[in-house]
Amino acid sequence: MLRTVRTPVAVASAFAVAGSGLLLGVSAGTAQAAAGTARAAGCSQAYLPLPDPSCTPGVYNPDVTQSTIDSTICVSGWTATVRPPTSYTNPLKVQGIADYGYANTSTSAYEEDHFIPLELGGSPRDPGNLWPEPYSGTKTARSKDGVETKLKNAVCDGRITLSAARSAMKNNWTTALSVTGIG
């Protein structure tokens, strides 16, 4: 049985209203965006250390492009201006732990991580870009952070394009440095 999960209340409300045909202050585009965030429960751990792509495909922030990096990701402290509060991410983390079927249900064992990092213009609030990444194992949320920083620095230094960095992260963050030649 499929069910909608990890959809913020405002998005779920917009989807319900749009689905009913009562577009009360909600545009068709908003309804379509809401529909794109719905996912089925039962995410697979088989992809670890990557997220299940059917649950967490990775979503980009449309405000971050190659032409805007000097006013967004390459500005020191910029990610703090877009990072969602824990009051938003903690409920997603709890739901994600259940969706992924993790045996350890302690929220402290996971980072609610942006699959496409904010440092590379990942969507800050889209549930399709957030997942509970384990702190345990050999390739963890902590080791991913270093990869993110190295790729962001390479993008900002002009050694690689934003697109190349994002692609490498989305395909497999554990090989992103070698694939991009940042190593």
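What you see is a predicted model, and the numbers here were worked out from it, not measured in a lab.

Notes on the overall build of the chain
- Check the secondary structure of the chain and you find seven helices and two strands.
- Secondary structure of the chain in N-to-C order comes out as α-α-α-α-β-β-α-α-α.
- When the 183 residues of the chain are sorted by exposure, 44% land in the buried category.
- Within the chain, contacts between residues at least 6 apart in sequence are counted, and of these 67% link residues at least 24 apart.
- Of the roughly 9100 Å² of accessible surface on the chain, a fraction of 56% belongs to carbon and sulfur atoms.

Quick word on the nonpolar core
- Counting 19 residues, the largest nonpolar core has Leu 151 and Val 155 as the members making the most contacts within it.
- When residues of this core are traced back to their parent elements, those giving at least two are α5 (141-156), α6 (162-172) and α7 (176-180).
- When near neighbours in sequence (up to four residues on either side) are disregarded, Val 155 contacts Ile 69, Ile 73, Leu 120, Ile 160, Thr 161, Leu 162 and Ala 165.
- By size, the runner-up hydrophobic cluster in this structure holds ten residues, among which are Tyr 102, Phe 115, Ile 116 and Trp 131.

Thoughts on the confidence of the model for the chain
- Per-residue confidence for the chain averages 83 on the pLDDT scale, and 78% of its residues sit at or above 70.
- Contacts of residues 1-40 to residues separated by more than four positions or lying in other chains number 53 contacts, the stretch itself having pLDDT below 50.

Description of the side chain of Lys 144
- Its place among the elements puts Lys 144 in helix α5.
- A polar atom in the side chain of Lys 144 sits 2.7 Å from the side chain of Asp 113.
- Each residue touching Lys 144, except ones within four places of it in the same chain, is listed here: Asp 113, His 114, Phe 115, Glu 133, Met 169 and Trp 173.

Concerning the layout of surface pockets
- Volume-wise, the largest pocket comes out at about 320 Å³.
- Lining the largest pocket we find 17 residues, and of these Arg 83, Glu 111, Glu 112, Asp 113 and His 114 sit closest to its centre.
- For the lining of the largest pocket, the elements supplying multiple residues, two or more each, are α4 (86-100), β1 (110-114) and α5.
- Of the residues in the lining of the largest pocket, the class split is four nonpolar, five polar and eight charged.

The rules behind these values
- Residues numbered from 1 in each chain as written.
- Predicted model: local features only at pLDDT ≥ 70, side-chain atom pairs only at ≥ 80, totals over all residues.
- Heavy atoms only, no water.
- Helix = DSSP H or I, 4+ residues; strand = E, 2+ residues; numbered from the N terminus.
- Buried < 20%, exposed > 50% of the residue type's maximum accessible area, 1.4 Å probe, protein only.
- Contact = heavy atoms within 4.5 Å.
- Areas by Shrake-Rupley, 256 points an atom, 1.4 Å probe, with all protein chains shown as cover.
- Core = buried A, V, L, I, M, F, W, Y, C linked by side-chain atoms within 4.5 Å.
- pLDDT = per-residue confidence, 0-100.
- Polar contact = N/O pair within 3.5 Å; in protein donor to acceptor, adjacent residues only side chain to side chain.
- 1 Å grid on protein atoms, 1.4 Å probe; cavity = no way out; pocket = protein on both sides within 12 Å on 5 of 7 lines; lining within 4 Å.
- Points joined across faces, edges and corners; volume = space filled by probe spheres on them.
- Nonpolar A, V, L, I, M, F, W, Y, C, P; charged D, E, K, R; others polar.

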